[in-house]
Amino acid sequence: MTKSITCFKAYDIRGELNSQLNEEVAYRIGYAFAQELNARTVVVGSDVRLTSTPLKLALTAGLIDAGANVTDIGMAGTEEIYFATKHLGVDGGIEVTASHNPINYNGMKIVKAGSIPISGDTGLNAIKEKAELLDDHRVTTRLAHYTQQQPIDADAFFNGTAHVKKDLLIESGSYVEDSCMEAYVEHMLSYVNLDNFEPLKIVVNAGNGAAGNALDAIESELESRNIPITFIKVHHEADGTFPNGIPNPLLPENRADTADAVKAHSADFGIAWDGDFDRCFLFDADGQFIEGYYIVGLLAAAFIAKDKNSKIIYDPRVYWNTEDIVENAGGTPIKSKTGHAFIKERMRKEDAVYGGEMSAHHYFRDFAYCDSGMIPWLLIAELVSVKQQSLASMVKARIEAFPSSGEINSKLKDADAALERVTNTYKPQASVVDTTDGLGLEFGNWRFNLRKSNTEPVIRLNVESRGDIALMEEKTEELLAAIRAE
């Protein structure tokens with residue numbers, strides 16, 4: 001290949017459509033994936049973006065040509081690929097998704113057998129190299145076969161036209177379509193005791209992404225068992241044009257539709273997901289967004305209540321609340337570097353039952369140590385029922401005990417200079433210096449974590465205190481002034 005493939009990142013594949021990621025690149029990735037892993041069985045799926053199916057079919061053509069048998073589970077969230085990879089016992093899994101990235105992007109999340117993530121130093125870079133080394137003439141010839149000589153048109157691709165013909169994949173004898181939904185739903189519901197559930201009304205906002213389909217399947221099973229949950233559905237239908245905006249509830253401007261629906265319907269709580277629903281965001285009965293940090297504490301306590309010997313993994317951005325809950329409940333808190341690959345690796349090493357990040361990623365040992373956006377809300381629904389408490393009341397005391405700023409991003413001309421500036425000012429006064437991930441400094445009743453983005457000139461700040469909202473807010477403003485003083 002005359003030029004390098006630029007859509008490979010540290011832990012996944014993401015790129016701008018046509019310029020970085022297209023059907024030819026997808027074919028190359030599929031071939032190289034099967035080649036590098038010596039994969040003979042692979043499961044694939046795709047989110048709702050218009051370009052996801054075309055990319056998936058081209059990817060599949062590459063997998064087949066490298067000798068793999070492919071099972072396509074259709075439109076799916078990332079966690080459905082995690083589940084199917086383990087459930088089917090295949091050699092690897094690939095989800096075509098750009099999650100919450102802009103509409104002109106797409107990507108892939110890939111795992112090997114057992115749903116173990118593949119990062120740059122565990123095979124992703126090798127896949128990239130193999131993809132680039134594929135003979136151009138061979139790639140062109142094979143794509144011509146699978147497209148029946150139809151020229152690949154960039155505009156048509158962007159609008160969802162798949163040039164690779166599915167019937168040719170089927171004729172190869174190495175491609176089947178087979179949903180794992182029934183087994184997936186059964187596994188999701190295994191995390192809760194459905195006999196505990198009281199009548200609940202829940203607002204669910206799929207953001208026109210992939211979550212709606214999975215939720216419908218869960219709802220159907222709950223109805224068959226006479227579980228009294230009523231769902232109020234917002235932006236529920238899958239729509240790859242995202243008429244209501246890219247689903248990313250981490251952004252405050254994307255929360256109003258869920259919050260308004262919770263209040264309008266007097267719901268017990270609300271849920272919103274991102275595009276591939278590997279993250280789950282929660283709202284209380286007043287429509288207030290609950291930071292993922294406090295949900296980590298709730299879920300940790302729930303697991304420890306079932307097993308006092310539970311180990312809980314958490315990220316180092318904010319953690320006083322999590323540590324306090326886990327230690328007082330008799331569990332073992334273990335700090336890990338931020339990021340799904342690090343969290344999953346540490347969970348496997350420690351055999352931890354649960355891991356949580358403030359970014360709303362929640363990981364479960366019995367889910368192949370992977371993150372799920374469906375398991376958390378089921379656990380919360382059970383907690384609300386068993387404790388006979390509202391979600392707001394369960395987190396209120398924790399927010400007061402350990403108020404936090406939430407993650408605040410600052411886009412700068414020189415992120416390194418800002419980090420050095422803050423380090424020089426605050427590090428000499430710190431009682432604890434933590435470099436697990438970025439710069440973490442403690443000062444008695446307050447602390448902060450400052451991390452640089454790996455991909456852009458952005459600094460990410462998190463501040464928390466022990467029971468002092470005013471102090472937390474004061475130090476947040478103080479730090480932001482220092483960070484942004486370019």
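All values reported here derive from a predicted model rather than from experimental measurement.

Draft legend 1. Structural context of helix 4 (residues 124–133). Within the span of helix 4, buried status applies to Leu124, Ile127, Ala131 and Glu132. In a view along the axis of helix 4, the buried residues occupy a sector of 130 degrees, so they form one face of it.

Draft legend 2. Looking closely at the packing of aromatic side chains. Per the counting criterion, the structure on display carries 18 aromatic pairs. Residues Tyr11 and Phe342 carry aromatic rings whose centres are separated by 5.6 Å and whose planes lie at 75 degrees to one another, so their mutual orientation is edge-to-face. Highlighted residues: Tyr11 in the segment before strand 1 (13–16) and Phe342 in helix 13 (residues 340–350), separated in sequence by 331 residues. For Tyr11, a relative accessible area of 28% puts it in the partly exposed group. Residue classification places Phe342 among the partly exposed residues on the basis of a relative accessible area of 25%. Taken together, a centroid distance of 4.5 Å and an interplanar angle of 15 degrees make the contact between Phe443 and Trp446 stacked. Note on accessibility: Phe443 and Trp446 belong to one class, buried. One aromatic cluster is present, formed by Tyr191, Phe303, Tyr354 and Phe364 through successive ring pairs. A cation over a ring is seen here: Arg255 above Phe289, with NZ or CZ 3.5 Å from the ring centre. Looking at Arg466, its charged tip hangs above the ring of Trp320, at a distance of 3.7 Å from the centre.

Draft legend 3. Quick look at the nonpolar core. Within the largest apolar cluster, 77 residues are counted, with the highest numbers of intra-cluster contacts made by Trp273, Met374, Trp377 and Ile380. The leading source of residues in this core is helix 11 (residues 292–306), at ten residues. Look past the residues within four positions of Trp377 in its chain and what remains in contact with it is Ile202, Leu215, Ile218, Phe231, Phe269, Ile271, Trp273, Cys280 and Leu282. With 44 residues, the next largest nonpolar core counts Ala61, Ile118, Val164 and Leu168 among its residues.

Draft legend 4. Main features of the side chain of Ser404. Structurally, Ser404 can be placed in the loop between helix 15 (391–401) and strand 18 (408–411). Side chain to side chain, Ser404 and Tyr294 meet in a polar contact 3.1 Å long.

Draft legend 5. Expanded view of the environment of Val164. Structurally, Val164 is set in the loop between helix 6 (154–158) and helix 7 (166–171). A C-alpha to C-alpha distance of 42 Å links Val164 and Ser410, two positions 246 residues apart in sequence. The residues touching Val164, leaving out its near neighbours within four places in the chain, are Glu23, Leu57, Ala58, Leu143, Tyr146, Thr147 and Leu169.

Draft legend 6. Broad picture of the sheet that holds strand 9 (residues 229–234). Taken together, five strands build an open sheet; the order of strands is 9-8-10-11-12 and the sheet is mixed. The open sheet has two edge strands, strand 9 and strand 12 (289–290), and neither has a second partner. Here six bridges tie strand 8 (residues 200–205) to strand 9, and the two strands are oriented parallel to one another. Looking at strand 9, one finds that Ile202 is bridged to Phe231. Contacts between helix 9 (residues 211–224) and the sheet are confined to strand 8, strand 9 and strand 10 (269–273), with strand 9 contributing the most and set at about 160 degrees to the helix. With respect to the sheet, helix 14 (residues 375–387) is in contact with strand 8, strand 9, strand 10 and strand 11 (280–283), its orientation differing from that of strand 10 by roughly 175 degrees.

Draft legend 7. Structural view of unusual backbone geometry. Phi is positive for Gln148, which is not a glycine, with a value near 55 degrees. Phi at Asp351 takes a positive value of approximately 55 degrees, unusual for a residue other than glycine. Checked against the element boundaries, Asp351 lands in the loop between helix 13 and strand 15 (354–356). Overall, the relative accessible area of 40% leaves Asp351 in the partly exposed class.

Draft legend 8. Representation of the pairing of strand 10 within the structure. Summarising burial for strand 10: five of the five residues are buried, a large majority. In the sheet, strand 10 pairs with strand 11 via four bridges, with the strands oriented antiparallel. Of the residues in strand 11, the one forming a bridge with Trp273 is Cys280.

Draft legend 9. Representation of the environment of Lys165 in the model. Counting through the fold element by element, Lys165 comes out in the loop between helix 6 and helix 7. A residue is classified by how much of its surface remains accessible, and Lys165, at 25% relative accessible area, is partly exposed. For Lys165 and Gln148, which are 17 residues apart along the polypeptide, the C-alpha to C-alpha distance reads 7.6 Å.

Draft legend 10. The packing of helix 2 (residues 52–65) against helix 5 (residues 136–146), seen in detail. Close contact between helix 2 and helix 5 brings their axes to 11 Å; oriented N to C, the two are set at 115 degrees. The orientation of helix 2 relative to helix 5 falls into the category roughly perpendicular. Where helix 2 crosses over helix 5, the two elements pack in a sense that is right-handed. Note on element contacts: helix 5 touches helix 2 through Arg138, Arg142 and Tyr146, opposite Ala61, Ile64 and Asp65. Each residue belonging to the contact of helix 2 with helix 5 can be placed in one class, and the counts come to three nonpolar, no polar and three charged.

Draft legend 11. The state of the cysteines, seen in detail. This model, assessed by the stated rule, comprises zero disulfides. Sulfur of Cys370: no disulfide; nearest cysteine sulfur belongs to Cys180 and is 14 Å away.

Draft legend 12. Layout of the sheet that holds strand 18. Pairing in this open sheet of five strands is antiparallel, and the strands run 18-22-21-20-19 from one edge to the other. Bordering the open sheet on either side are strand 18 and strand 19 (432–434), each of which pairs with just one other strand. Across the sheet, the mean angle separating the axes of adjacent strands is 20 degrees when strand polarity is ignored. Along the sheet face, helix 16 (residues 415–426) touches strand 20 (439–443), strand 21 (446–452) and strand 22 (458–465) and points at about 155 degrees away from the line of strand 21.

Parameters and conventions
- Residues numbered from 1 in each chain as written.
- Predicted model: local features only at pLDDT ≥ 70, side-chain atom pairs only at ≥ 80, totals over all residues.
- Heavy atoms only, no water.
- Buried < 20%, exposed > 50% of the residue type's maximum accessible area, 1.4 Å probe, protein only.
- Helix = DSSP H or I, 4+ residues; strand = E, 2+ residues; numbered from the N terminus.
- Arc of directions from axis to C-beta.
- Phe/Tyr/Trp six-rings, centres within 6.5 Å; stacked < 30°, edge-to-face > 60°.
- Lys NZ or Arg CZ within 6 Å of the ring centre and 35° of its normal.
- Core = buried A, V, L, I, M, F, W, Y, C linked by side-chain atoms within 4.5 Å.
- Contact = heavy atoms within 4.5 Å.
- Polar contact = N/O pair within 3.5 Å; in protein donor to acceptor, adjacent residues only side chain to side chain.
- Pairing = 2+ DSSP bridges.
- Axes fitted to C-alpha atoms, helices over the stretch in contact; angles between N-to-C directions.
- Parallel < 35°, antiparallel > 145°, perpendicular 65-115°, else oblique.
- Left-handed = near helix turned anticlockwise from the far one by under 90°.
- Nonpolar A, V, L, I, M, F, W, Y, C, P; charged D, E, K, R; others polar.
- Disulfide = S-S within 2.5 Å.

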